[in-house]
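Listed below are the residues making up each chain.
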Amino acid sequence: QVQFVESGGGSVQDGGPLTLPCVASAYAKNMPCMGWFRQAPGKEREGVAGIDTVGITRYAGSVKGRFTISRDNAKNTLILQMNILKPEDTAMYYCAAGSFLFCRDLDVKSNLRYWGQGTQVTVSS
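Here's a quick rundown of the structure.

Each value, and the rule that gives it
- Residues numbered from 1 in each chain as written.
- Predicted model: local features only at pLDDT ≥ 70, side-chain atom pairs only at ≥ 80, totals over all residues.
- Heavy atoms only, no water.
- Phe/Tyr/Trp six-rings, centres within 6.5 Å; stacked < 30°, edge-to-face > 60°.
- Helix = DSSP H or I, 4+ residues; strand = E, 2+ residues; numbered from the N terminus.
- Buried < 20%, exposed > 50% of the residue type's maximum accessible area, 1.4 Å probe, protein only.
- Lys NZ or Arg CZ within 6 Å of the ring centre and 35° of its normal.
- Salt bridge = Lys/Arg side-chain N within 4 Å of Asp/Glu carboxyl O.
- Disulfide = S-S within 2.5 Å.

1. With respect to the packing of aromatic side chains
Taken as a whole and judged by the stated rule, the model has three aromatic pairs. A ring pair is formed by Phe 37 and Tyr 94, whose centres lie 4.8 Å apart and whose planes are at 15°; its orientation type is stacked. Separated by 57 residues along the polypeptide, Phe 37 in strand β4 (residues 33-39) and Tyr 94 in strand β9 (residues 91-98) bring together distant segments of the chain. As far as burial versus exposure is concerned, Phe 37 and Tyr 94 are alike and both buried. With a centroid separation of 5.9 Å and an interplanar angle of 85°, the aromatic rings of Phe 37 and Trp 115 are classed as edge-to-face. Taken together, the residues Phe 37 in strand β4 and Trp 115 in strand β10 (residues 112-115) connect sequence positions 78 residues apart. Of the aromatic side chains, those joined through ring pairs into one cluster are Phe 37, Tyr 94 and Trp 115. Over the aromatic face of Trp 115 sits the side chain of Arg 45, whose NZ or CZ is 4.9 Å from the ring centroid.

2. Comments concerning the pattern of salt bridges
Within this structure, the stated rule accounts for four salt bridges. As a salt-bridge pair, Arg 104 and Asp 105 come within 3.3 Å of each other at their nearest N and O atoms. A residue is classified by how much of its surface remains accessible, and Asp 105, at 31% relative accessible area, is partly exposed. A cluster of three or more residues bridged by salt bridges with shared partners is formed by Arg 38, Glu 46, Arg 66 and Asp 89.

3. Thoughts on the state of the cysteines
The tally for this structure, following the rule as stated, stands at two disulfides. Here Cys 22 engages in a disulfide with Cys 95; their sulfurs sit 2.1 Å apart. Of note, the bridge from Cys 22 to Cys 95 carries an S-S torsion of about -80° and is left-handed in sense. Taken together, the positions of Cys 22 in strand β3 (residues 18-24) and Cys 95 in strand β9 put the pair 73 residues apart, joining distant regions of the chain. The burial state of Cys 22 is the same as that of Cys 95; both residues are buried. Across the disulfide, Cys 33 is cross-linked to Cys 103 (sulfur-sulfur distance 2.0 Å). When the S-S torsion is 90°, as for the bridge of Cys 33 with Cys 103, the disulfide is right-handed.

Rendered as C-alpha cells:
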C-alpha cells in the first residue's frame, strides 16, 4: 500500500525556515521519482522539487537556492528543507511519487501517481 505522512507545516515569518518530513511506504520509495508539489488557494498546483532514485534533484526556479530536497532510504523518509521563506511560498505542500518525468520537468499534471494529505505552510510578511 502506498502511503505518505507529511508533517512540519506551520506559520512562520518572512525569511524564516521550516522543515517538512514525509514518511513514505517502501513501495513509494522505489518509484522512479519522489518529490513535493504545492497548491495555494485559487491557484493551480505547482511542482516544487523532485529527487530520483540515485539522488539527482530538480527545483522550481522560484525556490532554487532556498529549498533543499533529500531522502533517507533507510527510514523511508523524504525531507524538504525550506529556508528564506517568502509570503508567496504560502500553500498546502504535498509529498508525492511518480514517473521520472516529474524529476525532469516538475510537471504535476500527468507525472505524479500518489501523494499524501498535505501540510499547510503559511508565511507572513
